[in-house]
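Residues per chain are reported as follows:
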Amino acid sequence: MRNTLLLQLSFQCFVCLCRRPISVLFFVSFSFSLEMVFVEIEAMRETWPGNAHLLVLWASIAQLQENPTHELDEVKQALQQAIELDKGSPTALIELGHYLDHVEDDPKSSSKVLT
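A. Here's a closer look at the side chain of Asn51. Residue placement: Asn51 occurs in the loop between α3 (34–47) and α4 (52–64). Asn51 sits in the buried class, given a relative accessible area of 11%. In this structure the side chain of Asn51 is engaged in a polar contact, spanning 3.0 Å, whose partner is the backbone nitrogen of His53.

In structure tokens, the structure reads:
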């Protein structure tokens, strides 16, 4: 419980997304299954479709699901879309680099993205 509260407090500085702070997602991820968190993120994406941070969160959790509901190509597309939406942020670039290296086993493409 203490880790959940500390994690929730550390993310209070983020803006509210559709009246739900991002901290709620991290709180939920500690309390419930990834599938429940994934459903919440998908609902938030429908309400706020152009949010790069939500796309990265969605792509990260989509890869971690035990029973995937989306193809890995969709994960890659979400990361590429996040890069286009927020060119100044390295988060999506880093995630795409890891995806290319570990999922597609393409270290050359990964190094191009990360440099």
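B. Up close: the packing of aromatic side chains. Considering all chains together, one arrives at 0 aromatic pairs under this definition. Positioned above the aromatic ring of Trp58 is the side chain of Arg45, whose terminal nitrogen or guanidinium carbon lies 4.6 Å from the ring centre.

C. View of the pattern of salt bridges. Evaluated as defined, the whole model comprises 2 salt bridges. Of the charged contacts, one joins Glu84 and Lys87 as a salt bridge, the two residues approaching to 3.1 Å between their closest N and O atoms. Assigned by exposure class, Glu84 and Lys87 land together as exposed.

D. Broad picture of the nonpolar core. Among the nonpolar cores identified, the biggest contains 23 residues, and Trp58, Val75, Leu79 and Leu96 are the most heavily contacted of them. For this core, the elements supplying multiple residues, two or more each, are α3, α4, α5 (72–85) and α6 (91–102). Among the elements that take part in this core, α4 stands out by supplying 9 residues, more than any other. Ignoring any residue separated from it by four or fewer positions in sequence, one finds Trp58 in contact with Phe38, Ile41, Glu42, Arg45, His70, Glu74, Val75 and Ala78.

E. Geometry of α5. Taking 1.5 Å as the rise per residue, α5 with 14 residues should run 20 Å; its terminal C-alpha atoms sit 20 Å apart, in good agreement. Listing the buried residues of α5 in full gives Val75, Ala78, Leu79, Ala82 and Ile83. Buried residues of α5 fall within an arc of 140 degrees about the axis and therefore sit on the same side. Residues of α5 that are exposed and point more than 90 degrees away from the buried face comprise Asp73, Gln77 and Glu84. Those residues of α5 hidden inside the fold are in contact with α4 and α6.

Rules behind the numbers
- Every chain is numbered on its own, with residues counted from 1 as its sequence reads.
- Thresholds applied to this predicted model are a pLDDT of at least 70 for local features of residues and 80 or more for the giving and counting of side-chain atom pairs; totals over whole chains, interfaces and linings are not thresholded and use all residues.
- The side-chain quantities take in all heavy atoms of the structure and omit both hydrogens and water.
- The way it works is that DSSP assigns letters per residue, a run of H or I at least four long becomes a helix, a run of E at least two long becomes a strand, and they are numbered from the N terminus.
- Exposure is judged per residue with a 1.4 Å probe applied to protein chains only, and the accessible area is read against the type maximum: over 50% gives exposed, under 20% gives buried, and values in between give partly exposed.
- Contacts described as polar in this section are N or O atom pairs within 3.5 Å, which, within protein, must combine one atom able to donate a hydrogen with one able to accept it, while residues neighboring in sequence count only if both atoms come from side chains.
- Between rings of Phe, Tyr and Trp, where Trp is taken as its six-membered ring, a pair exists when centres lie within 6.5 Å; planes separated by under 30 degrees are stacked, by over 60 edge-to-face, and by other angles tilted.
- Any Lys NZ or Arg CZ that is within 6 Å of a ring centre and within 35 degrees of that ring's normal is treated as a charge sitting over the ring.
- By convention in these notes, a salt bridge is any Lys or Arg side-chain nitrogen within 4 Å of a carboxyl oxygen on Asp or Glu.
- Take the buried residues of types Ala, Val, Leu, Ile, Met, Phe, Trp, Tyr and Cys, join any two whose side-chain atoms come within 4.5 Å, and each joined set is a nonpolar core.
- Between two residues, a contact is recorded if the distance between any of their heavy atoms is within 4.5 Å.
- For a helix, the expected span equals 1.5 Å multiplied by the residue count minus one.
- The arc in question is the one spanned by the directions pointing from the helix axis to the C-beta atoms.

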